[in-house]
Amino acid sequence: EALSSAGKNGAAAMGADDKEGQVLLLQSTKDVMTAMSSLLDATKNASGKSVQDPQMEQLKQAAKIMVTSISSLLKTVKMSEDEAQRGGRALESAVEALDQEVQLLQSPEPPTREATAVDLIHATKAITVSTARAVSVGTSLKQGELSSLANTSRKAIGELLATCKAAAYGADTEQQSELVVQAGLDVAKTFRVLLENIYMLSQKQTYDNRQKLPEQSKAVANAVSEVIQAAEVLKGTDWVNPEDPNVIAENELLAAASAIENAAKKLAILKPRSSPKDADERLPFDEQILEAAKAITAATGALVKSATQAQRELVSQGRVGSCKP
């Protein structure tokens, strides 16, 4: 709580004109708080376990991230006083945050949300945008653009890896889960290389490093393609494009087939219309009157039955409301 308040006060003291610096300081503070929470959880899980237990390794990694996050925060605070180094420091912080997101992806802790294959595909868009921007910023190397790139990149990679973890957790098979996690790790690895190269260019421009930018951006694009392919595997064969003409035609045919089947069922219960029954003139007059009355009663009952059936069909179709006594 005290650290959060100090971070907010420090960002406010930097002034409204330095938005990138404010974002960088707040993110560095958030990284320390997240690392602290992870360290506490790892400590609880490792309590009473042997040195060889996997939870002890998780504790070591959490402690390492905690130290790195604190170091990063201290550098960020110091950097805020030096405008010339701000872009490079922002990139350093982004790389360190990326490493922390990778640790979270590989941790046994369950995700805090759910994600579908569609969410996974959507999460790749920000990476694609950040990659294209990285190549442009790697050419200009302006401090403000470097800081902006660092902030947007860490957000994009954090969102992608968190979505990968959630999607992998909800996968149908372990093989699908591993495929998604590995694809996310490949994106993080290639994107890290790209950011590190831009950082080195910001410190000292060399022809070789500048020439590596297109190749490194292509590597990120290939890794993103792997994420999309993994998402397609998660979707399976039950997903279709509703705008696909073949899908539209298939749905229309199925609807027509259903209508034909319903019509055939109705035709099957129909019978030829019976001819009117002639009056039996051999009966006495009063019995003829009685037979006629019976015929009228039967006809009236048939009409009421037909009207009731028609009313039920209209109500089931929602064309009229039901009438309750």
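Residues numbered from 1 in each chain as written. Predicted model: local features only at pLDDT ≥ 70, side-chain atom pairs only at ≥ 80, totals over all residues. Heavy atoms only, no water.

## As for the overall build of the chain
We apply this condition: Comment: elements are numbered from the N terminus, with helices defined as DSSP H or I runs of at least four residues and strands as E runs of at least two. Burial here depends on accessible area, computed with a 1.4 Å probe over protein chains only, as a share of the maximum for the residue type. Under 20% is buried, over 50% is exposed, and the range in between is partly exposed. Residues count as neighbours in contact if any of their non-hydrogen atoms are within 4.5 Å of one another.
A tally of helices and strands in the chain yields ten helices and zero strands. Listing every helix and strand of the chain by position from the N terminus yields α-α-α-α-α-α-α-α-α-α. In the chain, which comprises 325 residues, the share counted as buried stands at 31%. In the chain, the share of contacts with a sequence separation of at least 24, taken over all contacts with a separation of at least 6, comes to 72%.

## Regarding the nonpolar core
The following threshold applies: Think of a nonpolar core as a cluster: buried Ala, Val, Leu, Ile, Met, Phe, Trp, Tyr and Cys residues, connected wherever their side-chain atoms sit within 4.5 Å.
Of all hydrophobic cores here, the largest spans 46 residues; its most connected members are Leu120, Ile127, Ile157, Leu160, Val180, Val187 and Ile198. For this core, the elements supplying multiple residues, two or more each, are α4 (86-106), α5 (117-140), α6 (143-169), α7 (174-203) and α8 (207-235). If you tally residues by element for this core, the top one is α6, at eleven residues. Listed in part, the five residues of the second largest apolar core include Val32, Ala35, Ile65 and Leu73.

## So, the layout of surface pockets
Left-over empty space is what a probe sized like a water molecule reveals as it rolls over the atoms. Convention followed: Here a cavity means grid points, on a 1 Å grid over the protein atoms only, where a 1.4 Å probe fits yet cannot get out; a pocket means an open set of points with protein on both sides within 12 Å along at least five of seven lines; lining residues are those with an atom within 4 Å of a point. Grid points are joined across faces, edges and corners, and a volume is the space filled by probe spheres set on the points.
Counted as a void, the largest pocket has a volume near 1100 Å³. Lining the largest pocket are 38 residues, and of these Thr34, Ser38, Gln100, Glu101 and Leu104 lie nearest its centre. Breaking the lining of the largest pocket down by element, the ones donating at least two residues are α2 (19-46), α3 (54-79), α4 and α6. In terms of residue count, the dominant contributor to the lining of the largest pocket is α2 (ten residues).

## A closer look at the side chain of glutamine 216
Structurally, glutamine 216 is set in helix α8. Sequence-distant contacts of glutamine 216, that is, excluding residues within four places in its chain, are made with Val193, Leu194 and Asn197.

## Remarks on the environment of glutamine 58
Tracing the chain through its elements places glutamine 58 in helix α3. For the pair glutamine 58 and serine 107, spaced 49 residues apart in sequence, the C-alpha separation works out to 7.9 Å. Excluding anything up to four places from it in sequence, glutamine 58 contacts Ala42, Ser107 and Pro108.

## With respect to the packing of α4 against α6
This is how it is decided: Axis lines are fitted through C-alpha atoms, for helices just across the contact stretch, and the angle between N-to-C directions can take any value from 0 to 180 degrees. Working definition: roughly parallel below 35 degrees, roughly antiparallel above 145 degrees, roughly perpendicular at 65 to 115 degrees, and oblique for all remaining angles. Side-chain classes follow a simple rule in which Ala, Val, Leu, Ile, Met, Phe, Trp, Tyr, Cys and Pro form the nonpolar group, Asp, Glu, Lys and Arg form the charged group, and the remainder, Gly included, forms the polar group.
Contact geometry for α4 and α6: axes closest at 8 Å, N-to-C directions at 5 degrees. Viewed along their axes, α4 and α6 adopt a mutual orientation that is roughly parallel. Considered class by class, the residues forming the contact of α4 with α6 number 14 nonpolar, six polar and four charged.

## Considerations on the packing of α5 against α7
Put simply, the rule reads: Note: crossing handedness is left-handed where the near helix turns anticlockwise from the far helix by less than a right angle, and right-handed where it turns clockwise.
Closest axis-to-axis distance for the α5/α7 pair is 10 Å, and the angle between their directions is 15 degrees. By the criterion of interaxial angle, the relationship of α5 to α7 is roughly parallel. In the packing of α5 onto α7, the handedness of the crossing is left-handed. Residues Leu120, Ile127, Ser130, Thr131, Ala134 and Gly138 of α5 touch α7, and the partners they reach there are Val180, Val187, Phe191, Leu194, Ile198 and Leu201.

## What to know about the environment of histidine 122
Within the element layout of this structure, histidine 122 appears in helix α5. The spacing of histidine 122 and isoleucine 228 is 106 residues in sequence and 9.3 Å in space, taken between C-alpha atoms.

## Points about the pattern of salt bridges
Selection criterion: Note on definitions: salt bridges are taken to be side-chain nitrogens of Lys or Arg within 4 Å of carboxyl oxygens of Asp or Glu.
Enumeration over the complete set of coordinates arrives at seven salt bridges. Between aspartate 99 and arginine 192 there is a salt bridge, with its nearest N and O atoms 2.8 Å apart. Residue aspartate 99 is located in helix α4, and its partner arginine 192 is located in helix α7; the two are separated by 93 residues in the primary sequence. One network of salt bridges, in which partners are shared, links Arg89, Glu92 and Glu96.

## A few points about α5
Given 3.6 residues per turn, any residue in an α-helix points the same way as the ones three and four places further on. Applicable threshold: To estimate how far a helix should extend, the number of its residues minus one is multiplied by 1.5 Å.
End to end, α5 covers 36 Å across 24 residues, agreeing with the expected 34 Å (1.5 Å per residue, within 8%). Listed in full, the buried residues belonging to α5 are Ala117, Leu120, Ala123, Thr124, Ile127, Ser130, Thr131, Ala134, Val137 and Gly138. Where α5 is buried, its residues touch α6, α7 and α8. In the segment just after α5, leucine 141 is the residue with positive phi, at about 60 degrees.

## Details of the side chain of serine 202
The condition is simple: Any N or O atom pair separated by 3.5 Å or less is treated as a polar contact, with the protein-specific requirement of one donor-capable and one acceptor-capable atom, and with residues adjacent in sequence counted only for side-chain atom pairs.
Along the chain, serine 202 turns up in helix α7. In this structure the side chain of serine 202 is engaged in a polar contact, spanning 2.5 Å, whose partner is the backbone oxygen of tyrosine 199.

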